[in-house]
Amino acid sequence: MTIHWCGTGLSAIPGLRRLLEFNNEVCVWNRTVAKAHETVGDLTDWIEPFDLPTLREALNPGDVVVSMLPGDWHVPLAKTCIEERAHFVSSSYISPGMAALDGAAKEAGVCLVNEVGLDPGIDHLMAHWLVADMRKGGHVQPDAEYEFISYCGGVPKEPNAFRYKFSWSPLGVLKALRSPSRSIRDYSVLDIARPWDAVSRYDAPLPQPESFEVYPNRDSLPFMKQYGFDEGWKLRQFVRGTLRLNGWAEAWAEIFSEIETLEGPEGDARLKEMSDQLWAANAYDEGEPDRVILCVALKVSQQGETRYHKTYLLDAWGDARGSAMARLVSQPVSLAVESAKAREIAPGVSAAPSDPRLVERWLEAVDVQAQHMMVVDHLA
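Caption draft 1: Just helix α12 (residues 264-282), in detail. Relative to the 27 Å expected for 19 residues at 1.5 Å per residue, α12 spans 26 Å between its end C-alpha atoms, a close match to the ideal helical length. Within α12, the full set of buried residues consists of G267, L271, M274, S275, L278 and N282. Buried residues along α12 cover an arc of 110 degrees about the axis, so they all sit on one side. Summarising the geometry of α12, the exposed residues directed more than 90 degrees from the buried face are P265, E266 and A280. Of the surrounding elements, those touching the buried residues of α12 are α8 (171-176) and α11 (253-259).

Next comes the structure, spelled out in C-alpha cells:
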C-alpha cells in the first residue's frame, strides 16, 4: 500500500517528512524533481516527475494519493483514484466538482478526504469537539440560542507596518478580498460583498489576552449542518472568518480602494502586478518566524443566561521545526492519510472527521505542533 504525495510546496513539507520518518512506503511526485530532492532528499530517493498518466499506471487498489498541488488538479486526481480504487486526500475546500464525485467514490469503496489542513481542517475538528461537548452537557434545549465563531489567521510573529507578511504569492489573498461572504449576525443572514465592509474587533482569550481585527469569509451557512447544528436551532451568530493584526484594515485601505475598481482582463493584469509588488515588499525573510492564531467558540444561552461558553484556541509560531503555517496545514494531512489507509474514514467525499475518536487523536497530534493549545471555559 503506497502513499503517492504530489507536491512539495512550502505548506507540504512537515507532513510529508512525518510520513517518511515513520517508514511509510511513500512515492514523492513533484513537477520539479530537483526541488523535491532539496526538501526531502535526505529521507528518500523515491521521487518522480509529476505526470498524471504515469501516476495512474503506478496506482494500486488501496493506495493513497495526496494532492498538495494547485486546486485545479484535485478533481482530476480524485477521478483517477476512483478509477484505480485508491483513496485521495487534500487540504482544500470541497469544490462542487469534488462533491459531485461522492456517489462514484462510494460505489468504488474509496474515500476522498478534503478540508484536513489548518483552515479548513483543524477548525472543523475544534467545532466538532465543542458541539459534542455541549451536547454531552445537556445544553440542547427548545428555548436555547446559540452563538458560534471560528476565526483563523496567519500573521507575522513580529508585527510590521503593513500588519501582514506573505509566505507565497499574494495573488490568492488579493483574489479572496474580492469574494462575497454570508454569515449570521443578530439572528439574520449577513451578506457582505467585500470583507473590508465587515471588519470588527475580536478579543482572543489567549494566555496573554490580545485583540485582533476579524471579518467573515466565504459562505458560513453550509457549515451549520457539517458541524451538527440541528435544523431549527435559534442562531444569534454563526460566522467563520479571517483574523488579522490590529491596524490591518487601515494599512490595507489603499489596496481595498483599488481592488474595488478592477474589472476584466486589465483588472486581472493589475491584480497580478499588485501581487508582485506586495511580494517584493512584504515577503517573509529566510528563517523569519510566522504566527498562526485559531479561535473557535460556542456559546449557548437560555432565558438571557449563559449556560455554556467555551473557546478552543491555538497559538503557534515558526521555530526550529519550520513555519507554523506549514506544520499546521500538512501535519493534519498526514493524519488523514493514515486514517484513510486504516479505513477509519467511510467511502465517499468527506471533510475533516467528526468521529470522536479521530477528533481526539488528531487534536492531540496538533497540540504538539502549537506553542499554546487549550480549551477555555468562560464559565469556570
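Caption draft 2: Quick look at the sheet that holds strand β3 (residues 47-49). Across the sheet, seven strands lie side by side as β3-β2-β1-β4-β5-β6-β15; this open sheet has parallel pairing. For this open sheet the edge positions go to β3 and β15 (348-350), each flanked by a neighbour on one side alone. Pairwise comparison of adjacent strand axes, ignoring direction, gives a mean angle of 20 degrees for this sheet. As defined by bridge partners, strand β5 (residues 87-90) adjoins strand β6 (residues 111-113) across two bridges and the pair is classed as parallel. Among the inter-strand pairings, V89 is bridged to a residue of β6, identified as V113. Those strands touched by helix α4 (residues 74-84) are β4 (64-67), β5 and β6, and its axis lies near 160 degrees from that of β5. Its contacts with the sheet place helix α13 (residues 324-341) against β1 (3-6), β4, β5 and β6, and it is angled at close to 160 degrees to β4.

Caption draft 3: Geometry of the packing of aromatic side chains. One pass over the structure, following the stated rule, counts 22 aromatic pairs. In textbook terms, an aromatic cluster arises when at least three aromatic residues are bridged by ring pairs, as seen for Y93, Y146, F148, F223, Y227, F229, W233 and F238. Between K157 and the ring centre of W317, over which it is positioned, the NZ or CZ distance is 4.8 Å. The ring of F223 is capped by R240, whose NZ or CZ atom sits 4.1 Å from the centre of that ring.

Caption draft 4: Representation of the packing of helix α1 (residues 13-21) against α13 in the model. It is the contact of α1 with α13, at a shortest axis distance of 6 Å, that shows an interaxial angle of 40 degrees. The angle between α1 and α13 falls in the class oblique. As α1 packs across α13, the resulting crossing turns out to be right-handed. Residues I13, P14, G15, R18 and L19 of α1 pack against A326, R327, S330, Q331, S334, L335, V337 and E338 of α13. Its residues assigned to classes, the contact of α1 with α13 comprises six nonpolar, four polar and three charged.

Caption draft 5: Representation of the nonpolar core within the structure. In terms of nonpolar packing, the biggest core is built from 68 residues, with F229 and L314 touching the most fellow members. Sort the elements by how many residues they give to this core and α13 lands first, with nine residues. Those residues within four positions of F229 in sequence are excluded, and the remaining contacts are V131, F148, M224, L235, F238 and L298. L52, V65, L77 and A86 belong to the second-largest nonpolar core, a separate cluster that totals 23 residues.

Caption draft 6: Expanded view of the side chain of D315. Locating D315 in the fold gives a position in strand β14 (residues 305-317). You can call D315 buried: its relative accessible area is 5%. Setting aside residues up to four positions removed in sequence, D315 forms contacts with L206, R291, V292, I293, A370, Q371 and H372.

Caption draft 7: Seen up close, the pairing of strand β11 (residues 210-216). With five of seven residues buried, β11 lies mostly within the body of the structure. With five bridges joining them, strand β10 (residues 200-204) and β11 adopt antiparallel strand pairing. Bridge pairing in β11 links Y202 to F212. With antiparallel pairing between neighbouring strands as the criterion, β10 and β11 make up a hairpin whose turn holds five residues. Direction of pairing for β11 relative to strand β12 (residues 234-244): antiparallel, over a ladder of four bridges. When the sheet's bridge partners are listed, P216 is paired in β12 with G241.

Conventions we followed
Residues numbered from 1 in each chain as written. Predicted model: local features only at pLDDT ≥ 70, side-chain atom pairs only at ≥ 80, totals over all residues. Heavy atoms only, no water. Helix = DSSP H or I, 4+ residues; strand = E, 2+ residues; numbered from the N terminus. Expected span 1.5 Å × (residues − 1). Buried < 20%, exposed > 50% of the residue type's maximum accessible area, 1.4 Å probe, protein only. Arc of directions from axis to C-beta. Contact = heavy atoms within 4.5 Å. Pairing = 2+ DSSP bridges. Axes fitted to C-alpha atoms, helices over the stretch in contact; angles between N-to-C directions. Phe/Tyr/Trp six-rings, centres within 6.5 Å; stacked < 30°, edge-to-face > 60°. Lys NZ or Arg CZ within 6 Å of the ring centre and 35° of its normal. Parallel < 35°, antiparallel > 145°, perpendicular 65-115°, else oblique. Left-handed = near helix turned anticlockwise from the far one by under 90°. Nonpolar A, V, L, I, M, F, W, Y, C, P; charged D, E, K, R; others polar. Core = buried A, V, L, I, M, F, W, Y, C linked by side-chain atoms within 4.5 Å.

Without other data, these values stay purely geometric and don't point to any function.
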